[in-house]
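# Breakdown of the fold
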Amino acid sequence: MKKVVKFGGSSLASAEQFRKAGKIIKDDPSRRYVVPSAPGKRFSGDAKITDLLYKCYGAAVKEKRFTDIMDTIQKRYQEIIDDLGLSLSLEKEFEVMRENFGRKIGRDYAASRGEYLNGIILAAYLDYTFIDAATVIAFAEDGTLLADKTNSLLAQKLSSVERAVIPGFYGFRPDGSIQTFSRGGSDVTGSLVAKAICADMYENWTDVSGFLVADPNIIENPKVIETITYKELRELAYMGATVLHEDAIFPVRKEGIPINIRNTNAPEEKGTLIVEGTCRKPKYTITGIAGKKGFASVTIEKAMMNAEVGFGRKVLGIFEDEGISFEHMPSGIDTMTIFVHQEEFEEHEQRVIAGIHRAVEPDEIELESDLALIAVVGRGMRQTRGTAGRIFSALAHAHVNVKMIDQGSSELNIIIGVKNQEFEMAIEAIYDIFVNTQI
Ligand code: ASP
């Protein structure tokens, strides 16, 4: 059994967190490859090392004094080293960094040092081999990941190393310079390592006990999703629910490696298992609820629209010409409604309306703003009768006015449009009917 374990920034923010991570790793000998993030926040209001590094480099580029921020960063690492009782010195590393920052060597290089240094400390603490990601994660000149090259470099390197720490978030370009993934990218590194070693499991350790059924800013102490499929995760993530970097899914999904989201501060909890497919029924019929505010809708009305071949194409062509993507398109016999992101749409609004008038000569165009979309997602819906009925009676009881309903043909989700100000109320009502009033 081989596992890759990735620890997020808050899981390695202090010596105390290092001890928790260390215990988790040592508790299971199959946890052989470890991918750390840079130290995150120790308490709310604290600074993440990555943010400090960006700030520090920003000062260096403007040829302002950057040594104070660099000293703060060094102190954070030194505190961890001292508190763990390690006889490790990062003095030389910081000397090199100061010089490179002074030479303005690159923003990505600067940011990557957070993971690099944390990796050195973690490897020393665990007595694992340190492998610099700049030797095994390969990017092309244009900044895209070279997935095949990375896979063979990792596989080759790790085949002869029993236990290793590989820092997350960065790799190298053909010219040898450092390139990072987008923010949160250590998740991607973990996933690439898991694929390369054909891991049995990719554990992603963070500070929540898994993927939650609903947003904790709306629902107090929402339940944790025990098992979720990649498809469900995509639906929920698209609507704003995130625990994982989106690019972390692809490498492991293709190999059928499950991802387990776990909580470093509560390792006894099983967390959320993300899988390709499962026979396990979701506990509450629905798997999760997520949503976003800030949509607008454009409703076009024209008598006998249904008989006009090419009507839809012409209308959508106007949006395409303006570079606006549409989210949903519920339609009636003589009406069609297009949901768009309000902010994106506002700038193009008048041109779109004029374009539609010219293209299809509608009887009326109606605009509505400040709308929210809610996705109720669940693989269990297909086999269960009355899911939609329960959702809409719960919304009616909560006096939420439903503006739009769209059930995906996969029967994996139901999308509901409501007014922005009824968004939270609607989520509470749906959560309540499925989770609190389970039948
Ligand atoms: N340290 C990086 C960030 O803050 C990458 C990561 O944590 O995954 O975005």
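To be clear, the structure that these remarks concern was listed above.
Heads up: these notes are all about the structure in this document. Quick caveat, the model's predicted, so the values are computed rather than measured.

## Some words on the overall build of the chain
Along its length, the chain carries 14 helices and 16 strands. Once the C-alpha set of the chain is aligned to its principal axes, its extents read approximately 80 × 55 × 40 Å. For the chain, the computed accessible surface area is about 20500 Å², with 48% contributed by carbon and sulfur atoms. Looking at charge distribution, the chain has the averaged site of its 53 positive side-chain charges lying 6 Å from that of its 63 negative ones.

## Concerning the pairing of strand 16 (residues 413–419)
Most of strand 16 sits inside the fold, with 6 of its 7 residues counted as buried. Across 7 bridges, the pairing between strand 14 (residues 364–377) and strand 16 is antiparallel. In the strand pairing of strand 16, Ala375 is matched with Ile415. In sequence, strand 15 (residues 404–407) turns back onto strand 16 through a hairpin of 5 residues, with Glu411 there showing a positive phi of about 55 degrees.

## Some thoughts on the layout of surface pockets
Of the volumes computed, that of the largest pocket is approximately 650 Å³. In terms of lining residues, the largest pocket is bounded by 28 residues, among which Lys6, Gly8, Gly9, Lys48 and Gly184 are the most central. If you list the elements that add at least two residues to the lining of the largest pocket, you get helix 7 (186–196) and strand 7 (201–206). Considering only residue class, the lining of the largest pocket consists of 7 nonpolar, 13 polar and 8 charged.

## Notes on the packing of helix 4 (residues 91–102) against helix 5 (residues 107–126)
For the pair helix 4 and helix 5, the least separation of the axes is 12 Å and the interaxial angle reads 175 degrees. Between helix 4 and helix 5, the interaxial angle falls into the category roughly antiparallel. Of the residues in helix 5, those in contact with Glu93, Phe94, Val96, Met97, Asn100 and Phe101 of helix 4 are Tyr109, Ala110, Arg113, Tyr116, Leu117 and Ile120.

## Thoughts on helix 14 (residues 423–436)
Given 3.6 residues to a turn, an α-helix orients residues that are three or four positions apart in the same direction. In this model helix 14 runs 19 Å from its N-terminal to its C-terminal C-alpha over 14 residues, within 8% of the 20 Å that 1.5 Å per residue would give. Among all positions in helix 14, only Phe423, Ala426, Ile427, Ala429, Ile430, Tyr431, Phe434 and Val435 are buried.

## With respect to the environment of Ala134
Relative to the helices and strands, Ala134 resides in the loop between strand 3 (129–130) and helix 6 (147–159). Classification of Ala134 by relative accessible area gives partly exposed; the value is 22%. Between the C-alpha atom of Ala134 and that of Ser177, which follows or precedes it by 43 residues, the distance is 8.5 Å. Ignoring anything within four residues of it in the chain, the contact list for Ala134 reads Tyr170, Gly171, Phe172 and Ile178.

## Details of unusual backbone geometry
One non-glycine residue, Glu63, lies in positive phi territory at about 60 degrees. Among the structural elements, Glu63 can be located in the loop between helix 2 (49–61) and helix 3 (67–84). Residue Asp370 is not a glycine yet carries a positive backbone phi of 55 degrees. Relative to the helices and strands, Asp370 is located in strand 14.

## A short note on the environment of Arg379
Position of Arg379 among the secondary structure elements: in the loop between strand 14 and helix 13 (387–397). Residue classification places Arg379 among the buried residues on the basis of a relative accessible area of 15%. Other than its neighbours up to four places away in sequence, Arg379 contacts Thr227, Ile228, Thr229, Glu232, Thr278, Arg280, Lys281, Pro282, Thr287 and Leu412. For Arg379, the side chain forms a polar contact with the main-chain oxygen of Thr227, separated by 3.2 Å.

## Remarks on the pattern of salt bridges
By the definition in use, this model includes 25 salt bridges. Measuring nitrogen to oxygen at the nearest pair gives 3.9 Å for the salt bridge that ties Arg32 to Glu162. With a gap of 130 residues between them, Arg32 in strand 2 (residues 31–36) and Glu162 in the loop between helix 6 and strand 4 (164–165) connect regions that are remote in the sequence. Between Asp46 and Arg76 there is a salt bridge, with the nearest N and O atoms lying 3.7 Å from each other. Taken together, the positions of Asp46 in the loop between strand 2 and helix 2 and Arg76 in helix 3 put the pair 30 residues apart, joining distant regions of the chain. Connected through shared salt-bridge partners, Lys3, Asp28, Arg31 and Glu203 make up one network.

Conventions adopted
- Residues numbered from 1 in each chain as written.
- Predicted model: local features only at pLDDT ≥ 70, side-chain atom pairs only at ≥ 80, totals over all residues.
- Heavy atoms only, no water.
- Helix = DSSP H or I, 4+ residues; strand = E, 2+ residues; numbered from the N terminus.
- Areas by Shrake-Rupley, 256 points an atom, 1.4 Å probe, with all protein chains shown as cover.
- Lys, Arg positive; Asp, Glu negative; His and termini not counted.
- Charge placed at Lys NZ, Arg CZ, Asp CG, Glu CD.
- Buried < 20%, exposed > 50% of the residue type's maximum accessible area, 1.4 Å probe, protein only.
- Pairing = 2+ DSSP bridges.
- 1 Å grid on protein atoms, 1.4 Å probe; cavity = no way out; pocket = protein on both sides within 12 Å on 5 of 7 lines; lining within 4 Å.
- Points joined across faces, edges and corners; volume = space filled by probe spheres on them.
- Nonpolar A, V, L, I, M, F, W, Y, C, P; charged D, E, K, R; others polar.
- Axes fitted to C-alpha atoms, helices over the stretch in contact; angles between N-to-C directions.
- Parallel < 35°, antiparallel > 145°, perpendicular 65-115°, else oblique.
- Contact = heavy atoms within 4.5 Å.
- Expected span 1.5 Å × (residues − 1).
- Polar contact = N/O pair within 3.5 Å; in protein donor to acceptor, adjacent residues only side chain to side chain.
- Salt bridge = Lys/Arg side-chain N within 4 Å of Asp/Glu carboxyl O.

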